[in-house]
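Residue-level structural notes
These are the residues of each chain, in order.
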Amino acid sequence: MFRRFIKRSRVFLMILIVFFVFVESIIYFNGHVAYRTEVKRENEEAEARLQCAEKTIKKLFSSAEDDLFFLKNLPSVKSYVDSDFNSTDYKRKVEKIFYLFARENERYHQIRIINSLGREVIGVDNNPDGVTTIVPDSELQDKKGRYYFQETMKLDRDRVYISPIDSNIKRKKMGTPLPVIRIATPLFDSKNGKKGIIVLNLYLSGILNFLSKNIFFQSEEGYLISLRSDGSINFSRSKYTLNRG
């Protein structure tokens, strides 16, 4: 009797084990399918957000290029270029136009005209505090050693140079790096002589706003750049080296 009980118990135990394994398998399978479904959904949503952001960013850059050529082709700018940047009257007119333009377009941190020697001849700033200023002549800088000046000066008429993510050098010396993207094109006079370049510095925050909060950039100078939840920019030194291919 006891042996029969033990035998029946073993059979029952085996059935019970098989049952629980079967149930666990169903739970695991359903959970795995649910997990894969959720991951797929999240990936599809992320891809859709990125595609939407890509379209928006392309429009942003297209609009910035339109603004660049609008400023470049202004009669006062053309006359100033034709004077080889020596006309004080046209300089003041261009500064006033750039000032009004910058004040109405807060996405631009700076507008610059740089002559063929690499010297800034006109500068207008949109400061982070919301104040727009015309840069005094005494504060205009020599940019001949800067990569964006050198690369833009190589371009033909109506070609555009878009820089990597960079930081504003003047602000970096102040201890507050400010990430920007520079959009530039060469300036030609009426005799087809290349006289310099015009540059728009685009605040990077205008681009980061279109991306997910967990996306970051690494700049050419080795900084990690991302957008905080409060809308401010996180700017920190990266431990990783960019692979330039």
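Coordinates for the structure precede this section.
Residues numbered from 1 in each chain as written. Predicted model: local features only at pLDDT ≥ 70, side-chain atom pairs only at ≥ 80, totals over all residues. Heavy atoms only, no water.

We now examine the side chain of asparagine 115. As for its position among the elements, asparagine 115 is in strand β1 (residues 108–115). Excluding anything up to four places from it in sequence, asparagine 115 contacts Phe85, Val121, Phe149, Lys195 and Gly196. (Helix = DSSP H or I, 4+ residues; strand = E, 2+ residues; numbered from the N terminus. Contact = heavy atoms within 4.5 Å.)

The subject of this paragraph is the pairing of strand β6 (residues 179–188). With respect to burial, β6 is a largely interior element, 10 of its 10 residues being buried. Relative to β6, strand β4 (residues 161–162) is paired through 2 bridges, and the arrangement is antiparallel. From the neighbouring strand, isoleucine 162 faces β6, where its bridge partner is isoleucine 183. Here β6 pairs with strand β7 (residues 194–203) via 9 bridges, running antiparallel. (Buried < 20%, exposed > 50% of the residue type's maximum accessible area, 1.4 Å probe, protein only. Pairing = 2+ DSSP bridges.)

In total, this model carries 11 salt bridges according to the counting rule given. Among the salt bridges present, the one from lysine 91 reaches glutamate 95, with a minimum N-O distance of 3.5 Å. Of the two residues, lysine 91 and glutamate 95 are both situated in helix α3 (residues 88–104); the distance of 4 residues between them amounts to about one turn of the helix. Neither lysine 91 nor glutamate 95 differs from the other in exposure class; each is buried. Aspartate 125 is paired through a salt bridge with arginine 112; the nearest N and O atoms lie 2.9 Å apart. Pair noted here: aspartate 125 is in strand β2 (residues 120–126) and arginine 112 is in strand β1, with a separation of 13 residues, a long-range link. Residues aspartate 125 and arginine 112 agree in their burial class; the two are buried. Three or more residues joined by partner-sharing salt bridges are found here, namely Lys91, Arg92, Glu95 and Asp137. (Salt bridge = Lys/Arg side-chain N within 4 Å of Asp/Glu carboxyl O.)

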